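Chain by chain, the residues run as shown.
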Protein chains: 2
Amino acid sequence: MLILGIDPGTAVTGYGVVRAGVTTTLVECGVIRTRPDRPLPERLREIAEGVRELIARHQPDAMAVEDVFYARNVRTTLVLGHARGVILLAGAEAAVEIHEYAPAEIKKAIVGTGVATKTQVQFMLTKLLRLKDAPHPSDAADGVAAALTCAMRLPLARAVAATRR
Amino acid sequence: MLILGIDPGTAVTGYGVVRAGVTTTLVECGVIRTRPDRPLPERLREIAEGVRELIARHQPDAMAVEDVFYARNVRTTLVLGHARGVILLAGAEAAVEIHEYAPAEIKKAIVGTGVATKTQVQFMLTKLLRLKDAPHPSDAADGVAAALTCAMRLPLARAVAATRR
């Protein structure tokens, strides 16, 4: 099962692709950067195109999208919502199953506590995926963390759903 | 000059198309409704498809998108950002010139004061566009108000830009 994890951002959107199975492996990770001098609609187009290209190339079975951390700055939250909107749209248009995880939920899944630091998350990603180094830049690591959370949570969520039937 | 005005919303997105000229006339107005029982990515797809259809049918020269009124409820603001994101994306992908107006700016353009009521805006829309009744539902009227604001502001904005060259 192939999972595309995404950490939305207007300037930098991080992503990670993992293959979940008996062992879970990292397939690819990176970032979609938009040009800071471009107007917002144009930057949204760059993000949408980047995500569509990833979906077309990897044909993921599921997408894991990090929820926006809100309440710090309302304007920033609003603009992040725009980026997240076009990412969810790209998933819906490709009929990919979409899962959303709050930042604390991702930290809890990867490190065991919702208040883990970025360094702790990166350390655990390296261990869990048997990598030489942590995925970088850090936005890419956040995308990988979202994908890995989905890989760990999905079998359980599906088992629970099955027992309820 | 044909202008497509949009008032973004996750449940109901209002729109209005006006033809600006010596006299400005209303071409069409209405709403894009999404199904409340559907997950957010699916609703975003419905909004994007609705806006793309409007652009394809009317081939507008410009789009006027109302800015989100934020700071009331951060969660609501964030979700509205998603809807606004896919609307701006649809405009960018069709290479339509996009103008954004804050709610107070629209009220000021239509009524003359940024603190006008919805009823006052609807009354003035009826007068300015020589309609029998106010456009309804009210979300459609908000889309028309955005388009009309653009029709009134754009010639001035362009004249100012021309003198600065």
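All figures in this text were calculated on a predicted structure; none of them were measured in a lab.

What counts, and at which threshold
Residues numbered from 1 in each chain as written. Chains lettered and ligands numbered in written order. Predicted model: local features only at pLDDT ≥ 70, side-chain atom pairs only at ≥ 80, totals over all residues. Heavy atoms only, no water. Contact = heavy atoms within 4.5 Å. Buried area = accessible area lost by both parts, 1.4 Å probe. Salt bridge = Lys/Arg side-chain N within 4 Å of Asp/Glu carboxyl O. Polar contact = N/O pair within 3.5 Å; in protein donor to acceptor, adjacent residues only side chain to side chain. Helix = DSSP H or I, 4+ residues; strand = E, 2+ residues; numbered from the N terminus.

Draft legend 1. Seen up close, the interface of chain A and chain B. Each partner contributes residues to the interface: chain A has 26 residues there, and chain B has 26 residues. Overall, the association of chain A and chain B removes approximately 2200 Å² of surface from exposure, summing both partners, and the carbon and sulfur fraction of that is 72%. Put simply, chain A and chain B have four salt bridges between them. Between E93 of chain B and R52 of chain A there is a salt bridge whose closest N-O contact spans 2.8 Å. Where chain A meets chain B, there are six residue pairs in polar contact (both at pLDDT 80 or more).

Draft legend 2. A look at unusual backbone geometry. All names here are of chain A. Residue H136 is joined to P137 through a cis peptide bond whose omega torsion reads 5°. Topologically, P137 is positioned in the loop between α4 (118–128) and α5 (138–164). A positive phi is found at A95, a non-glycine position, where the angle reads about 55°. Position of A95 relative to the elements: it lies in the loop between α2 (74–93) and β5 (97–101). Phi at R130 is positive, roughly 50°, even though this residue is not glycine. Tracing the chain through its elements places R130 in the loop between α4 and α5.

Such coordinate-based values are descriptive only and should not be taken to indicate function.
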